[in-house]
Amino acid sequence: RVSQIVYKSLRVVWLAMPCCSAWGCSNRTEKGFRMFSFPRNPARRRIWEARVKRKNWAASSSSYLCEVHFDSSQFENKRADGKRKLKPNAVPTIFSHRRVPAKRKPPTKRSEEASTTTSCAKLTPALSDHTYSAPIKHDKPSSSE
């Protein structure tokens, strides 16, 4: 009986402290975030797992996502009890791995004059200053030895 009581108390503590399953997210119930369990419907669960984008991972019965990963449109409007409840067809959409890439500036256009001024003829005198790259002359050993 003692082991059953300990098991039950550990289970209660464990269930009371879920953390988010999304990569890079450390939100927990202790930090004041609402946690949502993965759907039991296999088709909807696969959609959520695909959105999480974790390699070689499948959600278990103890996997949760925090409220941060759901857009405000995914929640029911104006509940009488004031709680935020997910809509039955809610899908998580906000993840850190889904960053929008920054727009790059277009490359600067070069004038034709700038591209023709650099030529090999102008670089040749600079190469003559580097004597360390000149070929080394070796003396041949005499055959009389």
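Above this text you will find the structure in question.
With that settled, consider the packing of aromatic side chains. For any pair of aromatic rings, geometry is given as the distance between the ring centres together with the angle between the planes. Scanning all chains against the criterion turns up six aromatic pairs. With centroids separated by 5.7 Å and ring planes inclined at 75°, the aromatic side chains of phenylalanine 36 and phenylalanine 70 adopt a geometry described as edge-to-face. You can see phenylalanine 36 sitting in strand S1 (residues 35-37) and its partner phenylalanine 70 sitting in the loop between strand S2 (64-66) and helix H3 (112-117), a full 34 residues away along the chain. No difference in accessibility class separates phenylalanine 36 from phenylalanine 70, as the two residues are buried.

Cys20, Ala22, Phe38, Trp48, Leu65, Phe70 and Leu86 are the most contacted members of the largest nonpolar core, which has 17 residues in total. Those elements that place two or more of their residues in this core are S1, helix H2 (42-52) and S2. The element best represented in this core is S2, accounting for three residues. With sequence-adjacent residues up to four places away left out, phenylalanine 70 is seen in contact with Phe36, Trp48, Leu65, Phe75, Leu86, Val91, Pro92 and Ile94.

Another aspect to go through is the pattern of salt bridges. Within the structure shown, the criterion is met by two salt bridges. Here arginine 28 makes a salt bridge to glutamate 30, at a shortest N to O gap of 2.8 Å. For glutamate 30, a relative accessible area of 45% corresponds to the partly exposed category. For the salt bridge of arginine 84 with glutamate 67, the shortest nitrogen-to-oxygen distance reads 3.3 Å. Of the two residues, arginine 84 is situated in the loop between S2 and H3 and glutamate 67 in the loop between S2 and H3; the sequence distance between them amounts to 17 residues. Overall, the relative accessible area of 39% leaves arginine 84 in the partly exposed class.

Looking now at H2. Along H2, the residues that are buried comprise Arg45, Trp48, Glu49 and Val52. Considered in projection along H2, the buried side chains sweep an arc of 100° and stay on one side of the axis. The outward face of H2, more than 90 degrees from its buried face, is lined by the exposed residues Arg46 and Ala50. Where H2 is buried, its residues contact S1 and S2. With its phi angle positive at about 55°, lysine 53 sits one or two positions after the end of H2.

A positive phi angle is found at lysine 53, which is not glycine, with a value near 55°. The residue lysine 53 is located in the loop between H2 and S2 in this model. The residue asparagine 56 is not glycine, and still its phi comes out positive at about 50°. Within the element layout of this structure, asparagine 56 appears in the loop between H2 and S2. Here asparagine 56 falls in the exposed class, since its relative accessible area comes to 85%.

Within the fold, histidine 69 resides in the loop between S2 and H3. Relative accessible area serves as the criterion here: at 6%, histidine 69 is assigned to the buried category. There is a polar contact of 2.7 Å between the side chain of histidine 69 and the backbone oxygen of isoleucine 94.

Reading the values: rules and limits
Residues numbered from 1 in each chain as written. Predicted model: local features only at pLDDT ≥ 70, side-chain atom pairs only at ≥ 80, totals over all residues. Heavy atoms only, no water. Phe/Tyr/Trp six-rings, centres within 6.5 Å; stacked < 30°, edge-to-face > 60°. Helix = DSSP H or I, 4+ residues; strand = E, 2+ residues; numbered from the N terminus. Buried < 20%, exposed > 50% of the residue type's maximum accessible area, 1.4 Å probe, protein only. Core = buried A, V, L, I, M, F, W, Y, C linked by side-chain atoms within 4.5 Å. Contact = heavy atoms within 4.5 Å. Salt bridge = Lys/Arg side-chain N within 4 Å of Asp/Glu carboxyl O. Arc of directions from axis to C-beta. Polar contact = N/O pair within 3.5 Å; in protein donor to acceptor, adjacent residues only side chain to side chain.

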